[in-house]
Amino acid sequence: MAKKEEEKSRTLRNFRSLSVEEDRRHSFFMRDREESIDLPCSHFPDYPKDSHPEPVVKSGWLDKTPPKGGKRFQRRWVQLDHKYLRYFQNSKEVYSKRMISLQCVSAVQPAGDQRFELITLNRTFLFKTESNQMRNEWIKSLEEVLSSRPQSQHKARSEWIKSLEEVLRRRQQNGGGGVFFKSCLAKTEGLLEMTSPRTKVYTVINNNRIYLFKNRQEYMNGLGITDIDLSKASLKESSKSFSVITPYRTFSFVVESEAERQRWCACLAECVRSSAPVSRVCEKLWSKEFNRVCADCGADSPEWASVNLCVLLCERCADAHRCLGPSVSKVFSLKGNDQLWTEDLIKLFLQLGNGKVNSFWAENIPSSEILNVESSSSERLAYATAKYLKGTFRKQHHLSGQQEALNNALCAAVKGSNIVETFRLLFSGADINSSTGIPEFPTPLALAMHSGQTNQVELLKHNQKSDTVKSEVNTAPSLSGYLFKVASANRPITEQKPRSEFTQRWCSLNAGMFTYYKTEQMTHRCGSMKTSEIICLSLNSPGNHGFEHTLEIYTDAGRVYLFGADDIVTIKEWFRAISMAMLPTALSSVCGLCDRLGRLLCTEGSLGTGWFCLSGSMLQVLLEDSVQDINLLRLHTLTIGDGAGDVVLGWRGGYVHLSFDQRPHFPGWISSLRRGAGSGNEMLSQQQLTKSGIPITVQRCIEYVTRHGLMSAGIYRKSGTTSRVSALLDSFQQDARNVCFSDKFGVDDVASTLKRFLREVKGGVFNGEDNSRNWLKVADVSHHRAKLSMYQNLLSELPEVNRETLKVLLNHLYCVHHLSEFNQMTMGNLGIVFGPTLFQTDGSDPRTYTVVEEMIQNYCAIFNVPEEELQKELDATSLILNKINDQTSSKFAPSLSICAVYIEKKEEGAELLVQVGSNVTAKQLVLQVLEMRGIEPFAEEMWTCYEVQEKEEMERELHFEEKVLPFYFSLGPDCHLLVKKSQYSNDIKNYLSGKNEVYKVGTLRVCEVKGDKNRNFISHQCELTKGTLKLYKDKESSLCEKEWSVQEGTLYYGYRSKLSPPTPWGLILVCGQQQWYFCCDNEDEFIEWMATFLSLQCGENR
């Protein structure tokens, strides 16, 4: 035992003696090197604190040791309470990636600059903070929590380790657990297989919670993944599997036998329904007689509540409400949720409660529909669907169907104390986010808060994300009725089908089968299909065929079925029922009613397939249990191959690759995606948009003028060449994302394109003629404050896209006016040019000039822009003016141009305008940018300038002597300059230091880039030496297959997701028009290859 203790102490001493700047892989041997599993939430809690049972002592962002010995730390949200230290993927997530029991922690100590270590019995966790002060705060908090343990006082670390080992030994002997819990008692434990993500986890049920571990050994050592609160969960059983459904995600487990399933489910059911002492919430809410029974079935002592519907429920009815989804009913327990159940929420339930709420929801319920305590689960779900989702039994409001009147009534009601009237308005269709017409309090919630109506605030707050209009519920679908059908086909139905080709059929959907008969009385079916064979549903636009409303069904076998009806309600009801039957169980609650739904061949999906739900311009991509919401208008890449080509969708969150499919549903998806991605012939809101929500055409034209024409005399007043303007505008209308400004377009051509776009766009910036007339009336108002107030009110009434577009445009025009000394475009001149353009008139009304001029002059006041924010942009232009004045006396002054540069990351409107001469180097540009921003780098920091190619997902560091201006003018539309801290400079220097001869030989996986279509990575032997990069078939081969000159190539690095590379460490060699992607196995290898290439290319001048 003494020998073992001595060996352990020596190991720990060796560990601490390692340098903080560890570069060798073995230096991480004791640290957390394996990443945990991801458990993303499908819904996030309205009150994040509710998801954590223990009070949080400290929380914040920390960098943790990277997995598998990498060099870059991983950013994690870390929380400390009195039992565990947990870290999460982000601050919103409910379920942690790791949780460390403080029972197993022996010490916490500094580990160098900005870092600290958390030492457990047999593992050390390394964390990195933003500063030493923050590190010390974390250490202090951890030490306070650790010292609060009774057995921790007056114990040396060696004694602590010895006591932990003794506890662990005793519990193993007794068949109990490890040191994860204070008590070794666990109700049930064992190895289970999760279905999403697909992995095996060691599972323990204890203290009415489920704890997940990577394996039993980690459980014994006190290291977990996450825990699941069963007080907010329900249990769903099926053959050889069961699911634990929480408000935030569903956990599904597979067991090996029926007996094993019964054992786990019995224990879980006991935990879920275990009776805790009656809480203060129960006592207060049950003090009212109508709250002592379930609002749906009448069962006594309801212990659950829907906080947005304001009803108390029994456990079985609460399960039915959970099936409706949190967007309809937010179900919480009355016990153990003290942070949720504030005094204000309790007062709301006492004022409304089951009695008054049921007088609205159940006003017209037939006696045959009333539930009782013996009702089955399916009956409860059907009742909840009809009552709350469809509003079948609710009391009709006298304003129902009058949207504007409902909204106005809601805004008036929230100012008073009549909470019942607000409740009735809200669930009769009033828009909870409707405009109040008061700029200071634009929404009903803001108005209620201003009026001091706490009950109104609580009601509105809990319904902020609820579906107060009709939607649909996920249930086992069953539907029957008459539809009209045409003969099925094996190709897309493109021609219009007259009414005479439709034949009436009795259709039935039941038990996973869709069947149709000649009449309701017939028993011989005309045709049928399994819902599992349906791969696509599509709602056609009204009027496409003889029947006004039609539905298309596509099957896996390539058949197309067209059904029609005279009313849209019938078609939508069938669409909902079939979609719920065809979707996987885990995904059936995700999609609501949409235009098109189905599964497509997708590289990123499970088994090469993904589910897609398209509604207008919003696309939901369902890959296993993960859901991505994509606004097609804001895509930054939409590549649709000709003929049999694939489809690539790229947005801010990633990429999706759709493989070509010969079946007839695929062309319909292509046309729907194109239509949803925006058109140049539509209103501003239907244009292709940037991340900030303005048309790409507007943003690209403004950026070009800012770069090349801000000081051009007569900018916007001079017209471009008509043919070039027409060609450029046509390109924008076809696909604005892929427009490139070639050399043939001058700055006046681009400026005229912007003016013509704004003049011709449907509805204009001011959203129609009626609104335009209201804007023009403001010009006749003489009182200045009244005029500004009117402008602000009109601005708030515009759609968001129009409002943001107007803001960006006027910000640009203000900058143009600021340089009027050079471009001669004063506010008056800009008003004359843009007045008729924005109002889409012939220019005969002088009020158009006045409005534009006044909006430029009062830009900050009208748009609520802080003057210091605008001043940042004007400071850049002032710097330009000063430099020009200093150089006007010199006839040999070099030509100057304006460059847009970003700091650390690219954000819309955050570019820094810098005037650059023809001889300015990258190093000089960096120093100038840092000086303008007032940034003083630390001694060890190295800032440099990067070329970033967004579309190609790659970047490179400019050589410090590289001339900026010639390179800047060659940048494409998706490229920009970025000044940031150098990511690899120190690593490259360390690698090259002390090397007399620089060369590199090894195996890399190589792919020739051909329009993102070639994704075939092949291993090759590569040799980088003496100014050349050579490619061999393998190690034994002596025949060089490819050879590149280092001096003639440009090396980028990045992760080209479109190519699906096997690792994230990629180097891209660009030689002329050719690109080659080299994939490294790890980060160390990546740095070595890059350092060797740059050293050979630049020599000692690197």
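Residues numbered from 1 in each chain as written. Predicted model: local features only at pLDDT ≥ 70, side-chain atom pairs only at ≥ 80, totals over all residues. Heavy atoms only, no water.

Novice: When you look at the overall build of the chain in this model, what are you seeing that I'm missing?
Specialist: Looking only at helices and strands, one finds 31 helices and 44 strands in the chain. Of all 1102 residues assigned to the chain, the portion counted as buried reaches 51%. Taking the contacts inside the chain whose residues are at least 6 apart along the sequence as the reference set, 58% of them involve residues at least 24 apart. For the chain, the exposed surface amounts to about 50400 Å²; the carbon and sulfur share of it is 48%. (Helix = DSSP H or I, 4+ residues; strand = E, 2+ residues; numbered from the N terminus. Buried < 20%, exposed > 50% of the residue type's maximum accessible area, 1.4 Å probe, protein only. Contact = heavy atoms within 4.5 Å. Areas by Shrake-Rupley, 256 points an atom, 1.4 Å probe, with all protein chains shown as cover.)

Novice: Help me out: how do you make sense of the confidence of the model for the chain in this one?
Specialist: Detailed reading of the predicted model is not advised wherever pLDDT is low. In this model, the chain carries an average pLDDT of 80, and 84% of its residues clear a pLDDT of 70 or more. Counted against residues more than four places away or in other chains, residues 466–475, with its pLDDT under 50, gives 31 contacts. A low-confidence stretch, residues 887–894 stays under pLDDT 50, and its non-local contacts, those more than four residues away or across chains, total three contacts. (pLDDT = per-residue confidence, 0-100.)

Novice: Mind showing me how you'd approach the pairing of strand E40 (residues 1028–1032) here?
Specialist: The side chains of a regular strand alternate between both faces of the sheet. Counting buried positions over the five residues of E40 gives four, a clear majority of the element. The pairing of strand E39 (residues 1018–1025) with E40 spans five bridges and is classified as antiparallel. Its bridge partner lying in E40, Glu 1023 is registered against Lys 1030. Turn length for the E39-E40 hairpin, with the two strands adjacent in sequence and antiparallel, is two residues, and the turn residue Lys 1026 shows positive phi of about 55°. Examined bridge by bridge, E40 and strand E41 (residues 1040–1045) share five bridges and lie antiparallel to one another. Of the residues in E41, the one forming a bridge with Lys 1030 is Glu 1043. (Pairing = 2+ DSSP bridges.)

Novice: Would you mind showing me how to read the packing of aromatic side chains here?
Specialist: Any two aromatic rings considered together are summarised by their centre-to-centre distance and by the angle between their planes. Evaluation of the coordinates by the stated rule reveals 38 aromatic pairs. Every member of this aromatic cluster is reached through a ring pair, and the members are Phe 360, Trp 361, Tyr 388, Phe 423 and Phe 427. The ring of Phe 251 carries the charged tip of Arg 249 above its face, separated from the ring centre by 4.8 Å. (Phe/Tyr/Trp six-rings, centres within 6.5 Å; stacked < 30°, edge-to-face > 60°. Lys NZ or Arg CZ within 6 Å of the ring centre and 35° of its normal.)

Novice: Quick question: what am I supposed to make of the environment of Pro 439 here?
Specialist: Structurally, the position occupied by Pro 439 is in the loop between helix H12 (419–426) and helix H13 (444–451). Overall, Pro 439 belongs to the partly exposed group, its relative accessible area being 43%.

Novice: What exactly am I supposed to notice about the environment of Asn 206 here?
Specialist: Looking at the element boundaries, Asn 206 is found in strand E9 (residues 198–206). What makes Asn 206 buried here is its relative accessible area of 6%. For the pair Asn 206 and Cys 271, spaced 65 residues apart in sequence, the C-alpha separation works out to 8.9 Å.

Novice: Got a minute to help me understand helix H30 (residues 985–992) in this structure?
Specialist: One full turn of an α-helix is made of 3.6 residues, so residues set three or four places apart face in the same direction. Inspection of H30 places Ser 985, Ile 988, Tyr 991 and Leu 992 among the buried residues, and these make up the whole buried set. Seen along its axis, H30 keeps its buried residues to an arc of 130°; they face one direction. Considering only its buried residues, H30 is in contact with strand E36 (954–957), strand E38 (1000–1009) and helix H31 (1083–1098). Positive backbone phi, at 80°, marks Gly 994, one or two positions downstream of H30. (Arc of directions from axis to C-beta.)

Novice: In this structure, what is going on with the pairing of strand E42 (residues 1050–1054)? I would like to understand it.
Specialist: Taking burial as the measure, the five residues of E42 include four buried ones, the bulk of the element. Pairing of E42 with strand E43 (residues 1065–1071) involves five bridges; the strand directions are antiparallel. Counterpart to Tyr 1053 in the pairing with E43 is Leu 1067.

Novice: I tried to follow the packing of helix H20 (residues 769–778) against helix H25 (residues 847–857) on my own but got confused; where do I start?
Specialist: Each pair of packed helices can be described by the angle between their axes along with the distance between the axes. Contact pair H20 / H25: the axes reach a minimum separation of 9 Å and the direction vectors enclose 75°. One way to sum up the angle between H20 and H25 is to call them roughly perpendicular. From H20, Trp 775, Leu 776 and Lys 777 reach across to H25, where they touch Arg 847, Thr 848, Val 851 and Met 855. Taken together, the residues of the contact of H20 with H25 break down into four nonpolar, one polar and two charged. (Axes fitted to C-alpha atoms, helices over the stretch in contact; angles between N-to-C directions. Parallel < 35°, antiparallel > 145°, perpendicular 65-115°, else oblique. Nonpolar A, V, L, I, M, F, W, Y, C, P; charged D, E, K, R; others polar.)

Novice: Looking at this model, I keep getting lost on the sheet that holds strand E16 (residues 304–306). Mind explaining?
Specialist: Neighbouring strands of a sheet are bound in pairs by backbone hydrogen bonds; such pairs are parallel or else antiparallel. An order of E17-E16-E18 is seen for the three strands of this open sheet, with the pairing classed as antiparallel. The strands lining the two open edges of the sheet, one partner per strand, are strand E17 (311–313) and strand E18 (331–333). Each neighbouring strand pair of the sheet contributes to a mean axis angle of 30°, computed without reference to strand direction. Of the pairings in the sheet, the one linking E16 to E17 comprises three bridges and is antiparallel in character. Bridging across to E17, Trp 304 finds its partner in Leu 313. Helix H7 (residues 315–324) contacts E16, E17 and E18 of the sheet and is inclined by roughly 115° relative to E17.

Novice: Would you take a moment to explain the environment of Arg 1005 for this structure?
Specialist: Relative to the helices and strands, Arg 1005 resides in strand E38. For Arg 1005, a relative accessible area of 26% gives the class partly exposed. Sequence-wise, Arg 1005 and Ile 1018 are 13 residues apart; in three dimensions their C-alpha atoms are separated by 5.1 Å. Apart from the residues within four sequence positions on either side, Arg 1005 is in contact with Phe 1017, Ile 1018, Ser 1019, Pro 1062, Thr 1063, Tyr 1077, Phe 1078, Cys 1079 and Asp 1081. Here the side chain of Arg 1005 touches Asp 1081 through a polar contact of 2.4 Å, side chain to side chain. (Polar contact = N/O pair within 3.5 Å; in protein donor to acceptor, adjacent residues only side chain to side chain.)

Novice: So what exactly am I meant to see when it comes to the pattern of salt bridges here?
Specialist: A side chain of one charge can pair with a side chain of the opposite charge when the charged atoms of the two come close. Enumeration according to the criterion identifies 37 salt bridges in this entry. Two residues, Lys 497 and Glu 495, come together in a salt bridge whose shortest N-O distance is 3.2 Å. Between Glu 769 and Arg 773 there is a salt bridge, with the nearest N and O atoms lying 4.0 Å from each other. Placement of the pair is Glu 769 and Arg 773 together in helix H20, with a separation of four residues, close to one helical turn. In this structure Arg 773 comes out as partly exposed when scored by relative accessible area, which is 44%. Here the salt bridges share partners, and the residues they tie into one network are Asp 81, Arg 86, Arg 209, Asp 227 and Asp 229. (Salt bridge = Lys/Arg side-chain N within 4 Å of Asp/Glu carboxyl O.)

Novice: When you look at the sheet that holds strand E1 (residues 58–64) in this model, what are you seeing that I'm missing?
Specialist: Spatially, the eight strands line up as an open sheet ordered E5-E6-E7-E1-E2-E3-E4-E11, and their pairing is antiparallel. Strand pairing shows two members of the sheet lacking a second neighbour, strand E5 (105–110) and strand E11 (223–224), which therefore form its edges. Relative to strand E7 (residues 124–128), E1 runs antiparallel, the two sharing two bridges. Among the inter-strand pairings, Asp 63 is bridged to a residue of E7, identified as Lys 128. Sitting on the sheet, helix H2 (residues 132–147) touches E1, strand E2 (74–80), strand E3 (84–88), E5 and strand E6 (115–120), and the angle it makes with E5 is about 160°.

Novice: Explanation requested: helix H21 (residues 784–797) in the structure shown.
Specialist: The end-to-end C-alpha separation of H21 is 20 Å, in line with the 20 Å expected for 14 residues at 1.5 Å each. Among all positions of H21, only Lys 787, Leu 788, Tyr 791, Leu 794 and Leu 795 are buried. An end-on view of H21 places all buried positions within 125° of arc, on one side of the element. Residues of H21 that are exposed and point over 90 degrees away from its buried face: Arg 785 and Glu 797. Considering only its buried residues, H21 is in contact with H20, helix H22 (800–818), H25 and helix H26 (859–863). (Expected span 1.5 Å × (residues − 1).)

Novice: When you look at unusual backbone geometry in this model, what are you seeing that I'm missing?
Specialist: Working note: non-glycine residues mostly have negative phi, and peptide bonds are mostly trans. The omega torsion of the bond from Ser 196 to Pro 197 falls at -5°, within 30 degrees of zero and hence cis. With respect to the helices and strands, the residue Pro 197 is situated in the loop between strand E8 (188–195) and E9. The backbone of Asn 767 shows a phi angle near 65°, a positive value even though the residue is not glycine. As for its position among the elements, Asn 767 is in the loop between helix H19 (747–760) and H20. Since its relative accessible area comes to 24%, Asn 767 is described here as partly exposed. Residues other than glycine seldom take positive phi values, yet Asn 864 does so here, at roughly 55°. Take Asn 864: its relative accessible area is 62%, and that puts it in the exposed class.

Novice: Is there a simple way to explain the packing of H7 against helix H10 (residues 377–389) in this structure?
Specialist: Taken N-terminus to C-terminus, the directions of H7 and H10 make an angle of 55°; their axes are 9 Å apart at the nearest point. Between H7 and H10, the interaxial angle falls into the category oblique. H7 and H10 meet at a crossing whose hand is right-handed. Seen from H7, the contacting residues are Arg 316, Cys 317, Ala 320, His 321, Cys 323 and Leu 324; seen from H10, they are Ser 377, Arg 380, Leu 381, Ala 384, Thr 385, Tyr 388 and Leu 389. Residue composition of the contact of H7 with H10, by class: eight nonpolar, three polar and two charged. (Left-handed = near helix turned anticlockwise from the far one by under 90°.)

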